[in-house]
Amino acid sequence: MTRTLEILLGTLVLGVLALAQDDDFSKVQIKVTKVAGSIYMLEGSGGNIGASVGDDGIVIVDDQYAPLADKIQAALKSVTDKPIRFIINTHYHGDHTGGNAIFQKQAPVIAHDNVRKRLEQSGSAGNLGSISREVKPQPKEALPILTFDHDMTVHLNGEDIRALHFPSGHTDGDSIIFFPKSNVVHMGDDFVRYGFPFIDLSSGGSVEGMIAAMEEVIPKLPADVKVIPGHGAVSSLDDVRDYLKMLKETRAAVEKGVTAGMTLDQLKQENVLEAWKKWSGDFINSDAWVETLYNDLAGKKDGKFIKHN
Ligand SMILES: [Zn+2]
């Protein structure tokens with residue numbers, strides 16, 4: 001009797017949690033902003049969506065969460081009646097690819113080879129410290145139909161929309177998406193505005209790779225480019241430069257401590273990142289960033305780097 005009650009209660013609690021989650025999504029509204037030229041940004045919950053809109057239709061970059069798909073579709077409808085032609089994923093995380101299975105009924109999803117591989121298998125996402133999340137394998141409908149190794153270009157709306165892969169930054173399957181005619185770039189989660197970044201060391205990400213990506217991308221961009229970050233408001237190239245400076249300086253500060261023989265706990269206790277505390281965020285606070293830098297430097301990368309051609 002007690003056991004049955006426990007099971008019933010358990011089911012009830014799970015049901016309430018599921019409801020609460022649906023309810024959270026039900027309150028989300030999709031905000032559409034024109035960025036520049038023919039590029040729009042859609043904000044709801046999860047990663048920013050970039051959209052190229054023109055005579056040929058719509059190309060979207062990332063698709064947030066499945067329960068928001070109808071709202072995303074309605075938001076796009078407020079801009080154009082044209083259909084979605086392609087969806088590009090910047091990386092595999094669920095807050096950027098959750099709508100894949102639904103949107104792929106209309107148009108193919110394109111992504112780096114490792115995005116498909118990581119969506120297909122189970123694993124974990126995290127910084128090999130306090131941040132750790134289980135990753136579940138996705139159904140085949142959610143897997144990108146078109147994948148590429150180095151770069152790929154979609155020639156639509158008079159734009160050469162180019163996805164360029166940067167190895168081992170936020171994950172091991174990141175792409176930055178360029179819209180040269182409109183002078184806009186979508187950075188995926190290699191550049192975010194929530195403070196210190198999340199680097200998914202468990203999924204082949206690395207601090208060095210994120211720094212290398214920013215160092216490579218900054219000189220490619222015009223001074224007045226509009227930058228869509230993975231999360232947060234539309235930014236400038238100077239914002240990206242500040243972010244890169246912070247990445248390099250904080251890495252150097254932690255490296256100095258490690259060289260001097262400090263443990264991870266000592267680095268945290270002595271607050272080695274005090275000078276950069278304005279970057280401490282709700283998701284990645286100073287301690288979580290010290291862990292990331294320390295684990296990255298210590299080479300504790302047990303995340304499997306998926307080999308591709
Ligand atoms: Zn991400």
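A brief structural summary. (Residues numbered from 1 in each chain as written. Predicted model: local features only at pLDDT ≥ 70, side-chain atom pairs only at ≥ 80, totals over all residues. Heavy atoms only, no water.)

**Considering the sheet that holds strand β11 (residues 159–166)**
Inference 1: Taken in spatial order, the five strands of this open sheet run β10-β11-β12-β13-β14, and their pairing is mixed. Bordering the open sheet on either side are β10 (151–156) and β14 (226–228), each of which pairs with just one other strand. The average angle at which neighbouring strand axes cross in this sheet is 20°, direction not considered.
Inference 2: Of the pairings in the sheet, the one linking strand β13 (residues 184–186) to β14 comprises three bridges and is parallel in character. Counted as the bridge partner of His-186 is Ile-228 from β14. (Pairing = 2+ DSSP bridges. Helix = DSSP H or I, 4+ residues; strand = E, 2+ residues; numbered from the N terminus. Axes fitted to C-alpha atoms, helices over the stretch in contact; angles between N-to-C directions.)

**With respect to the coordination of the zinc ion**
Inference 1: Summarising the metal site, the zinc ion is bound by the protein donors His-91 (NE2), His-93 (ND1), His-170 (NE2) and Asp-189 (OD), whose distances to it range over 2.2 to 2.3 Å.
Inference 2: Positions of the donor residues of the zinc ion along the chain correspond to the pattern H-x1-H-x76-H-x18-D. Here Asp-189 lies in the loop between β13 and α6 (207–217) and His-93 lies in the loop between β5 (84–88) and α3 (94–97), a separation of 96 residues in the sequence.
Inference 3: Here His-93 falls in the buried class, since its relative accessible area comes to 8%. (Donors = N, O, S within 2.8 Å, 3.2 Å for Na, K, Ca; no water. Buried < 20%, exposed > 50% of the residue type's maximum accessible area, 1.4 Å probe, protein only.)

**Examining the packing of α6 against helix α7 (residues 237–259)**
Inference 1: Across the interface, α6 lies against α7 with an axial gap of 10 Å and an inter-helix angle of 150°. Considering the relative orientation of α6 and α7, their crossing is left-handed. Side by side, α6 and α7 meet where Val-207, Glu-208, Met-210, Ile-211, Met-214 and Glu-215 of the first sit next to Val-240, Tyr-243, Leu-244, Leu-247, Lys-248 and Arg-251 of the second.
Inference 2: Looking at side-chain class alone, the contact of α6 with α7 contains eight nonpolar, no polar and four charged residues. (Left-handed = near helix turned anticlockwise from the far one by under 90°. Contact = heavy atoms within 4.5 Å. Nonpolar A, V, L, I, M, F, W, Y, C, P; charged D, E, K, R; others polar.)

**Here's the deal with unusual backbone geometry**
Inference 1: If you check the backbone angles, Asp-62 has positive phi at about 70° while not being a glycine.
Inference 2: Position of Asp-62 among the secondary structure elements: in the loop between β4 (57–61) and α2 (69–77).
Inference 3: At Ser-168, a residue that is not glycine, the phi angle is positive and equals roughly 50°.

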